[in-house]
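Chain by chain, the residues run as shown.
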Amino acid sequence: MNFLAHIYLSGDNDLITIGNFMADGIKGKRYKKYPIEIQIGILLHREIDTFTDAHPTVRKSTKRLHKNYSHYSGVIVDILYDHFLAKNWADYSSIPLDVYVDRFYESLKTHAEFLPARMQKMVPYMIAGNWLLNYAQIEGIQNVLNGMNRRTNNISGMDQATNELKEFYHEFEAEFTSFFEELRLFSGEKLTYLKQMHNLE
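Described in the following lines is the structure provided in the data block. Not measured: the values here are computed from a predicted model.

1. Things to note about the overall build of the protein chain
Phase 1: The secondary structure content of the protein chain amounts to 11 helices and zero strands.
Phase 2: In the protein chain, the succession of helices and strands from N to C terminus is α-α-α-α-α-α-α-α-α-α-α.
Phase 3: Computed over C-alpha atoms, the radius of gyration of the protein chain comes to 16 Å, within 12% of the 17 Å expected from 2.2 N^0.38 for 201 residues, which places it in the range of a compact globule.
Phase 4: Taking the principal axes of the C-alpha coordinates as reference, the protein chain spans close to 45 × 35 × 35 Å.
Phase 5: For the protein chain, with 201 residues in total, the buried portion stands at 51%.
Phase 6: Restricting to contacts in the protein chain with at least 6 residues of sequence separation, those with at least 24 account for 69%.
Phase 7: Summed over all atoms, the accessible surface of the protein chain reaches about 10300 Å², with 51% contributed by carbon and sulfur.
Phase 8: Within the protein chain, the 25 negative side-chain charges are centred at a point lying 8 Å from the centre of the 22 positive side-chain charges.

This is the structure in structure tokens:
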């Protein structure tokens, strides 16, 4: 899953959310140097990724892209799924998306000291471009894919993936909706378990 889903699945604890958000930049056991709540967020992120990568519905979405994007297909599906979460946000939260993401941006600023250096450089661009809110529009997804393609030195062709998004829009959306219900349940159970393991509840 991409940024918005990881943030959403973290619950209402700011530090757990920060940990989940930044987890890709924390390798191996380096997570243990952070406060407990951030550790929980990092571990939750890893559990979410493992569950997602192995799920047959996600693999169905990924397979649709594999011919044109090869091993980048999984990254693209993560981004497309964030589009459907943002687009259908009212189905998952009583807090409007613009309010929710503004609160998260403020939390990022407050806890910037914990972020890996690469993320500290990225966050101002994320906030200035309001990435999380703009995920709800295909144009916003196009901007993300353009950036990801540049990071691969234009080798991946990921900037073309909105073509498949438009062509198979209803199929991707149905797969996201089905999968995300399972992921929400899984993440809720894992989060409760991790909190109990670390005596947070």
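Next, the rest of the story.
2. Brief notes about helix H5 (residues 73-87)
Phase 1: Counted at 1.5 Å a residue, the expected span for H5 with its 15 residues is 21 Å, and the 21 Å between its end C-alpha atoms agrees.
Phase 2: Taken across its 15 residues, H5 has 12 buried, putting it largely inside the fold.
Phase 3: What H5 keeps buried is the set Ser 73, Ile 76, Val 77, Asp 78, Ile 79, Leu 80, Tyr 81, Asp 82, His 83, Phe 84, Leu 85 and Ala 86.

3. Remarks on the packing of helix H6 (residues 97-110) against helix H7 (residues 117-128)
Phase 1: Where H6 contacts H7, the two axes come as close as 11 Å, and the packing angle between them is 155°. Relative to H7, the element H6 lies roughly antiparallel. H6 and H7 meet at a crossing whose hand is left-handed. Residues Tyr 105, Leu 108 and Lys 109 of H6 touch H7, and the partners they reach there are Val 123, Met 126 and Ile 127.

4. Observations concerning the environment of Ile 127
Phase 1: Within the secondary structure, Ile 127 is located in helix H7.
Phase 2: When the C-alpha atoms of Ile 127 and Lys 109 are compared, they prove to be 9.8 Å apart, with 18 residues separating the residues in sequence.
Phase 3: Setting aside its immediate chain neighbours within four residues, Ile 127 contacts Tyr 105 and Lys 109.

5. Notes on the packing of aromatic side chains
Phase 1: Inspection of the entire model under this criterion finds 15 aromatic pairs.
Phase 2: Considering the side-chain rings of Tyr 81 and Phe 179, the 6.0 Å spacing of their centres and the 35° angle between planes classify their relative orientation as tilted. Here Phe 179 lies in helix H11 (residues 169-197) and Tyr 81 lies in helix H5, a separation of 98 residues in the sequence.
Phase 3: For the pair Tyr 92 and Phe 180, a centre-to-centre distance of 5.2 Å together with 85° between the ring planes defines the contact as edge-to-face. Note that Tyr 92 is positioned in the loop between H5 and H6 and Phe 180 in helix H11, a separation of 88 residues in sequence. Per residue, the accessibility class of Tyr 92 equals that of Phe 180, and both read buried.
Phase 4: A connected cluster of aromatic rings, assembled from ring pairs, spans Tyr 8, Phe 51, Tyr 81, Phe 84, Trp 89, Tyr 92, Tyr 100, Tyr 169, Phe 176, Phe 179, Phe 180 and Phe 186.
Phase 5: Just above the ring of Phe 172 sits the side chain of Arg 64; from NZ or CZ to the centre is 4.7 Å.

6. Brief notes about the layout of surface pockets
Phase 1: Each pocket or cavity is described by its volume, and for the largest pocket that value is around 910 Å³.
Phase 2: Surrounding the largest pocket, 31 residues form its lining, Asn 2, Phe 3, Val 75, Met 148 and Arg 151 being those nearest its centre.
Phase 3: Of all the secondary structure elements, the ones that give two or more residues to the lining of the largest pocket are helix H1 (3-8), helix H3 (36-54), helix H4 (56-69), H5, H7 and helix H9 (138-151).
Phase 4: Element by element, the count of residues in the lining of the largest pocket is highest for H9, at six residues.
Phase 5: Considering only residue class, the lining of the largest pocket consists of 13 nonpolar, nine polar and nine charged.
Phase 6: There is about 270 Å³ of room inside the second largest pocket.
Phase 7: In terms of lining residues, the second largest pocket is bounded by 13 residues, among which Gly 11, Asp 12, Asp 14, Thr 17 and Tyr 100 are the most central.

Criteria and cut-off values
Residues numbered from 1 in each chain as written. Predicted model: local features only at pLDDT ≥ 70, side-chain atom pairs only at ≥ 80, totals over all residues. Heavy atoms only, no water. Helix = DSSP H or I, 4+ residues; strand = E, 2+ residues; numbered from the N terminus. Rg over C-alpha atoms; globule rule 2.2 N^0.38 Å. Buried < 20%, exposed > 50% of the residue type's maximum accessible area, 1.4 Å probe, protein only. Contact = heavy atoms within 4.5 Å. Areas by Shrake-Rupley, 256 points an atom, 1.4 Å probe, with all protein chains shown as cover. Lys, Arg positive; Asp, Glu negative; His and termini not counted. Charge placed at Lys NZ, Arg CZ, Asp CG, Glu CD. Expected span 1.5 Å × (residues − 1). Axes fitted to C-alpha atoms, helices over the stretch in contact; angles between N-to-C directions. Parallel < 35°, antiparallel > 145°, perpendicular 65-115°, else oblique. Left-handed = near helix turned anticlockwise from the far one by under 90°. Phe/Tyr/Trp six-rings, centres within 6.5 Å; stacked < 30°, edge-to-face > 60°. Lys NZ or Arg CZ within 6 Å of the ring centre and 35° of its normal. 1 Å grid on protein atoms, 1.4 Å probe; cavity = no way out; pocket = protein on both sides within 12 Å on 5 of 7 lines; lining within 4 Å. Points joined across faces, edges and corners; volume = space filled by probe spheres on them. Nonpolar A, V, L, I, M, F, W, Y, C, P; charged D, E, K, R; others polar.

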